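# Remarks on the overall topology
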Amino acid sequence: MTTLPSFRYHPDPVATGSVVPSDAPCDCCGRSRGFAYDGPVFGVDDPAGALCPWCLADGSAAARYEAQFTEAEGRIPLEVRVEVERRTPGFRGRQQEQWLTHCGDAAAFLGRAGAAGVKEYPEALGDLLADHGEDFCAALDADGQPTAYLFRCLHCDRHLAYADCT
């Protein structure tokens, strides 16, 4: 099986469901490489079919479709914002997705988490408790809703999270 490209800010896009096994040819490069991106595309021109992770990683999909795959918030360098928004697989949220930042850089997206998963990361749980309260946090469900989105700072290893539901 082909090795996926490395994404600094989304270290395991297969585990998060943003990249899935697929035999579909990439709408950008025309190659079938065994994987396809399964996340949001915000662009002037939407691809008619699948996009491969390689075309996301090298920026060719973003350039061809004048697209981005997520939106980074916070005070981060322009080159980081471009890498996150145009060369990193996004993820699907219930509402508008947020890419969290810390230590002046984008954080790495680790995936969805439920109440038990968030409890493993006291800093992230603290963020959620401050924003939503104990009852809401106890109801978090990685596969349902409400759900938490877990991130890790690449510099200090602090875990961060936000939650949403429909």
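Refer to the structure above for everything that follows.
Definitions and cut-offs
- Residues numbered from 1 in each chain as written.
- Predicted model: local features only at pLDDT ≥ 70, side-chain atom pairs only at ≥ 80, totals over all residues.
- Heavy atoms only, no water.
- Phe/Tyr/Trp six-rings, centres within 6.5 Å; stacked < 30°, edge-to-face > 60°.
- Helix = DSSP H or I, 4+ residues; strand = E, 2+ residues; numbered from the N terminus.
- Buried < 20%, exposed > 50% of the residue type's maximum accessible area, 1.4 Å probe, protein only.
- Salt bridge = Lys/Arg side-chain N within 4 Å of Asp/Glu carboxyl O.

### What to know about the packing of aromatic side chains
- Evaluation of the coordinates by the stated rule reveals 9 aromatic pairs.
- Ring geometry for F91 against F109: centres 4.0 Å apart, planes inclined by 10°, an arrangement best described as stacked. With F91 in the loop between helix 4 (78-87) and strand 5 (101-102) and F109 in strand 7 (residues 108-113), this residue pair connects regions lying 18 residues apart in the sequence.
- Classification of F91 as buried rests on a relative accessible area of 2%.
- A relative accessible area of 2% places F109 in the buried class.
- Taking 5.5 Å as the distance between ring centres and 35° as the angle between the ring planes, the aromatic pair formed by F91 and Y149 counts as tilted. One end of the pair, F91, is in the loop between helix 4 and strand 5; the other, Y149, is in strand 8 (residues 147-152), with 58 residues separating them in the sequence. The two residues F91 and Y149 agree in class, both being buried.
- Three or more aromatic residues joined by ring pairs form one cluster here, namely F91, W99, F109, Y149, F151 and Y162.

### Here's the deal with the pattern of salt bridges
- Considering all chains together, one arrives at 5 salt bridges under this definition.
- The closest approach of N and O atoms between R8 and D105, which form a salt bridge, is 3.3 Å. Placement of R8 in the segment before helix 1 (13-16) and of D105 in strand 6 (residues 105-106) is noted, with a sequence separation of 97 residues between them.
- Notably, a salt bridge pairs R158 with D127, separated by 3.1 Å at the nearest N-O pair. Of this pair, R158 sits in the loop between strand 8 and strand 9 (159-164) while D127 sits in helix 6 (residues 122-132), and the two are 31 residues apart along the sequence.
- The exposure class assigned to R158 is partly exposed, which follows from its relative accessible area of 22%.

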